[in-house]
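Residue-level listing of the chains:
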Amino acid sequence: MILAIDVYYMENQAKTVGILFEHWTDTKSDINAVITDYQNNVAPYQSGQFYRRELPCIMSLLNKIDLSTISTIVIDGYVYLAEGQMGLGGYLYNALNKVVPIIGVAKKMFAGNSQYLIEVMRGQSKHPLYVTAIGTPLEEAATNIKLMTGKYRIPDLLSFLDQQTKLFKHEE
């Protein structure tokens, strides 16, 4: 099972959503589950240390999932930053004892990490997605993101996931 995760922030609250699907070519109707988690008192954003804010939210969501069934986790962000410094995906990989491969999909370029990423062009967009990975070959990660269903830059499942995070209503 593949797990894609995204987090949305509203003041000091966060909504983390994960979608489970089986194949890189799956569509929205193939999603096996949508898992949601809410966090209060989220740490403020710190430039260059985004993982300090996002990682606790992701780990809270992961407590609701049997990780032994997960083959790969896709995050909105980077695995590596400049000069090989760990990004959110790298910290997540370490937090999971380097067992589950992580693919980072970012929409904006991060200066200084070009040797750690592959630019993936999708649809008619003139702007690439920036794919990084750990625990799986980078070329395979980029191919899988390119294979994802959707005719636009952002794969349909990742766009759906992003939309789900923004339906922000604390429902605990």
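This one's a predicted model, so the numbers in the text were calculated from it and none came from an experiment. Throughout, residues of each chain are indexed from 1 in the direction in which the sequence is written. For a predicted model such as this one, the threshold for reporting local features is a pLDDT of at least 70, and the threshold for listing and counting side-chain atom pairs is 80 or more; totals across whole chains, interfaces and linings nevertheless cover every residue. Each side-chain value is worked out from all heavy atoms of the structure, with water and hydrogens disregarded.

Peer 1: Before we go on, may I ask you to explain the sheet that holds strand β1 (residues 2-10) in this structure?
Peer 2: Sheet strands pair by backbone hydrogen bonding; their relative direction is either parallel or antiparallel. On the basis of which strands lie adjacent, the open sheet formed by seven strands has the order β3-β2-β1-β4-β5-β7-β6 and mixed pairing. At either end of the open sheet lies a strand with only one pairing partner, and these are β3 (33-39) and β6 (118-120). In this sheet, adjacent strand axes meet at a mean angle of 25° when their direction is disregarded. As defined by bridge partners, β1 adjoins strand β2 (residues 13-21) across nine bridges and the pair is classed as antiparallel. Residue pairing for β2: L3 is matched across the bridge by L20. Contacts are assigned to residue pairs with any non-hydrogen atoms lying within 4.5 Å of each other. Interaxial angles span 0 to 180 degrees and are taken between N-to-C directions of axes, which are lines fitted to C-alpha atoms, for helices over the stretch in contact. Put simply, DSSP H or I for four residues or longer makes a helix, DSSP E for two residues or longer makes a strand, and each gets a number counted from the N terminus. Against the sheet, helix α4 (residues 156-166) makes contact with β1, β2, β3, β4 (72-76) and β5 (102-106), and its axis sits at roughly 150° relative to β2, the strand it touches most. Two strands qualify as a pair provided DSSP detects at least 2 bridges between them.

Peer 1: Sorry if this is basic, but what is going on with the packing of helix α1 (residues 51-62) against helix α2 (residues 88-95) here?
Peer 2: Each packed pair of helices is defined by two parameters, the angle between the axes and the distance between the axes. Taken N-terminus to C-terminus, the directions of α1 and α2 make an angle of 45°; their axes are 10 Å apart at the nearest point. Between α1 and α2, the angle is such that the two are oblique. For the pair α1 and α2, the crossing hand works out as right-handed. Between α1, through Y51, E54, L55, I58, M59 and L62, and α2, the contact on the second element is made entirely by L88, Y91, L92 and A95. Under the scheme applied here, ten amino acids are nonpolar (Ala, Val, Leu, Ile, Met, Phe, Trp, Tyr, Cys and Pro), four are charged (Asp, Glu, Lys and Arg), and all others, including Gly, are polar. A breakdown of the residues in the contact of α1 with α2 according to their chemical character gives nine nonpolar, no polar and one charged. What sets the label is the angle itself: under 35 degrees gives roughly parallel, over 145 gives roughly antiparallel, 65 to 115 gives roughly perpendicular, and the rest give oblique. Crossing handedness is read from the near helix: turned anticlockwise from the far helix by less than a right angle, it gives a left-handed crossing, and turned clockwise, a right-handed one.

Peer 1: How should α1 be read in this particular structure?
Peer 2: One turn of the α-helix equals 3.6 residues, which is why residues spaced by three or four share an orientation. Expected span of a helix, by definition, is 1.5 Å for each gap between consecutive residues, and there is one gap fewer than residues. Spanning 12 residues, α1 covers 15 Å between terminal C-alpha atoms, matching the ideal 16 Å at 1.5 Å per step. Buried residues are those whose accessible area, probed at 1.4 Å on protein chains only, stays under 20% of the maximum for their type, while exposed residues exceed 50% and partly exposed ones sit between those limits. In terms of burial, α1 is a largely internal element, nine of the 12 residues being buried. If you check which residues of α1 are buried, you get Y51, R53, E54, L55, C57, I58, S60, L61 and L62. As for α1, its buried residues are in contact with β1, β2, β3, β4 and α2.

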